[in-house]
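Results of the structural survey
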Amino acid sequence: MNEPRRNWNWLAGSQFFGTISALPFILLMLFGFVVPLLCVAWFGLMPAKSFSLLHAPSLQNYAFIFSQTYVKSMAWSTGLALATVVILLVLCYPLAFGLAKVFKGGATFVTYAIASSLFVSENIRLFGWVIGLMKKGVVTGTLGTFGIEMNSLLYNVPVIVLGMVYVYLPFMLFPLALGIKMVPDQVREAAFDLGASRWHVFRHVDLPLSMPGILIGSVLVFVLSIGAIAEAKILGGQSIVTIAADIETEFTYGQNWPLGSALSTLLVGVTMVLVFAVLNRIDMEKFLGRAPRES
Amino acid sequence: MIVTRAQKVGLSFYAGVVLLLFYFPLFCIITASLSKKRYFSFPYAWEDVTLKWYEDAIASPQVQEYVGISLKVAVLSTICSLFIGFFGALAYARYSWRWRKSFQKLVLLPLFFPQSVLGLALLMWFNFLDITPSWWTAVIAHTVWIAPIATLIMSIQAYSQDDSLEEAARDMGASRWQILRWITFPLLAPGMVSAACFCVLLSWGNFALSLFTTGADSALPEWLYARMTSGYQPIVPAVGSLSVFAAIALVCLVFGISARRSAHKVAQEGGH
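For the structure given in this document, a descriptive report is provided here. (Residues numbered from 1 in each chain as written. Chains lettered and ligands numbered in written order. Predicted model: local features only at pLDDT ≥ 70, side-chain atom pairs only at ≥ 80, totals over all residues.)

**Examining the overall build of chain B**
The cut-off we apply is this: Strands here are runs of E lasting at least two residues and helices are runs of H or I lasting at least four, both read from the DSSP assignment and numbered beginning at the N terminus. Residues with at least 20 neighbouring C-beta atoms inside 10 Å of their own are called buried, those with 12 or fewer are called exposed, and the rest are partly exposed, where every C-beta is derived from the backbone. Any two residues are considered in contact once their C-beta atoms, placed from the backbone, lie within 7 Å.
Tallying secondary structure elements over chain B gives eleven helices and zero strands in all. Mapped in sequence order, the helices and strands of chain B form the string α-α-α-α-α-α-α-α-α-α-α. A total of 272 residues make up chain B; the buried ones form 45% of that total. Considering only intrachain contacts with a sequence separation of at least 6, the fraction spanning at least 24 residues in chain B is 77%.

**Considering the nonpolar core**
Note the following rule: The term nonpolar core means buried Ala, Val, Leu, Ile, Met, Phe, Trp, Tyr and Cys residues held together as one set by C-beta atoms within 7 Å.
Counting residues in each nonpolar core, the largest one holds 163 residues, and the members touching the most others are Ala96(A), Val130(A), Tyr168(A), Leu173(A) and Ala121(B). Sequence-distant contacts of Leu173(A), that is, excluding residues within four places in its chain, are made with Cys92(A), Leu95(A), Ala96(A) and Ile114(A).

**What to know about unusual backbone geometry**
Even without glycine at this site, Gln255(A) takes up a positive phi of about 50°. If you trace the backbone, Gln255(A) turns up in the loop between helix H12 (243–251) and helix H13 (257–279). Backbone geometry places Asp130(B), a non-glycine residue, at a positive phi of 65°. Here Asp130(B) shows up in the loop between helix H5 (115–128) and helix H6 (135–160).

**Some thoughts on the environment of Gly240(B)**
With respect to the helices and strands, the residue Gly240(B) is situated in helix H11 (residues 235–271). Through-space distance from the C-alpha of Gly240(B) to that of Pro133(B) is 26 Å; in sequence the pair is 107 residues apart. Setting aside residues no more than four positions away along its own chain, Gly240(B) makes contact with Ile124(A), Phe127(A), Ile29(B) and Leu224(B).

**A few points about the interface of chain B and chain A**
Quick note on the threshold: Following the grouping adopted for this structure description, the nonpolar residues are Ala, Val, Leu, Ile, Met, Phe, Trp, Tyr, Cys and Pro, the charged ones are Asp, Glu, Lys and Arg, and the polar ones are all others, Gly among them.
With 80 residues of chain B at the interface, the matching set in chain A holds 82 residues. Secondary structure elements with two or more residues in the side of chain B that touches chain A: helix H1 (5–33), helix H3 (61–94), helix H4 (100–108), H5, H6, helix H8 (176–205), helix H10 (220–228) and H11 of chain B. Ranked by residue count, the leading element in the side of chain B that touches chain A is H1(B), at 15 residues. Partitioning the side of chain B that touches chain A into residue classes produces 56 nonpolar, 16 polar and eight charged.

**Concerning the environment of Ser264(A)**
Structurally, Ser264(A) can be placed in helix H13. Separated by 237 residues in the primary sequence, Ser264(A) and Leu27(A) have C-alpha atoms spaced 23 Å apart. Excluding anything up to four places from it in sequence, Ser264(A) contacts Val40(A), Ile247(A), Val117(B) and Leu120(B).

**Some points on the packing of helix H3 (residues 70–102) of chain A against H12(A)**
Residues and elements named next belong to chain A. Filter applied, for reference: Only C-alpha atoms enter the line fits that serve as axes; for helices the fit covers just the stretch in contact. Angles between N-to-C directions range over 0 to 180 degrees. Roughly parallel means an angle under 35 degrees; roughly antiparallel, over 145; roughly perpendicular, 65 to 115; everything else is oblique.
One can describe the packing of H3 onto H12 by two numbers: an axis separation of 7 Å at closest approach and a directional angle of 135°. Judged by the angle between their axes, H3 and H12 are oblique. Contact residues: H3 offers Tyr 70, Ser 73, Met 74 and Ser 77, while H12 offers Ile 243, Ala 244 and Asp 246.

**Observations concerning the environment of Ile257(B)**
Along the chain, Ile257(B) falls in helix H11. Sequence separation between Ile257(B) and Val193(B) is 64 residues, and the spatial gap between their C-alpha atoms is 9.6 Å.

**Thoughts on the packing of H6(B) against H8(B)**
Residues and elements named next belong to chain B. This is how it is decided: By convention, the crossing between two helices is left-handed when the near helix turns anticlockwise from the far helix through less than a right angle, and right-handed when the turn is clockwise.
At their nearest, the axes of H6 and H8 sit 9 Å apart, and the two run at 150° to each other. The angle between the axes of H6 and H8 places the two elements in the roughly antiparallel class. Classified by chirality, the crossing of H8 by H6 is right-handed. When H6 is examined against H8, the residues His 142, Ile 146, Ile 149, Ala 150, Ile 153, Met 154, Gln 157 and Ala 158 are found in contact with a partner set consisting of Leu 188, Gly 191, Met 192, Ser 194, Ala 195, Phe 198, Cys 199, Leu 202 and Ser 203. For the contact of H6 with H8, the residue count by class is twelve nonpolar, five polar and no charged.

Structure representation (structure tokens):
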């Protein structure tokens, strides 16, 4: 706005204060995130079953991983995560559209109602499904009174997907709603006025303009569900083994930290490639609000 | 006009169905917690409704211990996260500095990350530093995950507020520190309340991080998980329901306060 007032001192101060304010966060990330991850990556290169970081590095853990069934659990995890993303995109798009464009006061209510669920531990919510779907549970028992006898609906792959879709719905819904909010109404109206069909408007206006939201939601859900541990155990029983469960086993019963670390490094590698690809394409400032005026 | 009336009704109906399904598991938990039988079966008779399991849950010293640990972790990691998040939000949204864009990406990184892996990375790091994991290492783990969320919430708050007050103060010759102390902080303080609410509840419910970083101590979600995977026990839904009620109470309290404050503000502004 009033440009001339900004002298050199002010800018220098901005630089200084910005750095100082960011410092606590950066230190936290350094010691609580970056270094521990480097530690994992390095541990993955240590000989199997050792607990020290001081051996000569080698790739034998990785060779072992690719010769075993770990590839299968990685494939299961990836498949489950992809299925969750696709189902959530289809389920959430209409709802997000409603939140962003159609519902007025109702949108706040729906937002609070769904966001509040995040405050209940996902274990408890998943256990709710167990009670609903187990033999003589709420769903099966109710069907039973209508004469439809049913065994437990638990412990299979579709139920695990249901659990993931359920737990990660808010992480898809809210980015999508923010993304759809970014589509200006005038553009849609202009497209309609020019004779575009509903499908054309969706395909050529809504979809490209809300793409940041779609991408952020999808990546967030994918990353969270590929590392998920509770869904497959609580709802899936022993039906499949996910990569996160494999990693946990190596760190607990297996007592093979280097192998667990190598598995974690692979998992992190896959997710980080995706995350960086997406975050580099999106301007977070546009997404969350506006850029600050002083610059 | 974006949608027709029929479409609007359809969308509202859809939202209602999603919400119902969304709260269905919580309904199940509460239903199960009220059933007298040791092995839950649905439907059950009115005579079988009991609060016995709640009494058991509240009286259980084990549950009390886990609740205590969860609370300690939640409160401490919230305090740390608010401090880091407040300054983080200034760097994110208020000051323009050279590495701001990179900083904004750094803030998102821990959120786009498998939590279980983060938990065990910290476990190994603590092990390497020769620190025995206990509840306070969980505080660090929770802070690593919650501080970015606090930063984002307060940044959104900072974005949504007009910075003309700060500009005016600057024009009148206030120093950076004075602006921070007398203008930015009071403006962002209401945002801190909702951020604090978020932080406490997210830490309270967190499982994946606690699983690896609490060591010999155990947080409530861990205990519940251990019980859930080893067969049905009626105390589990009772503790779960109690935790749900506590969350609802906290949410109502915070929204109540903020609604009252904004009503107050509207009344004041209307008066002038």
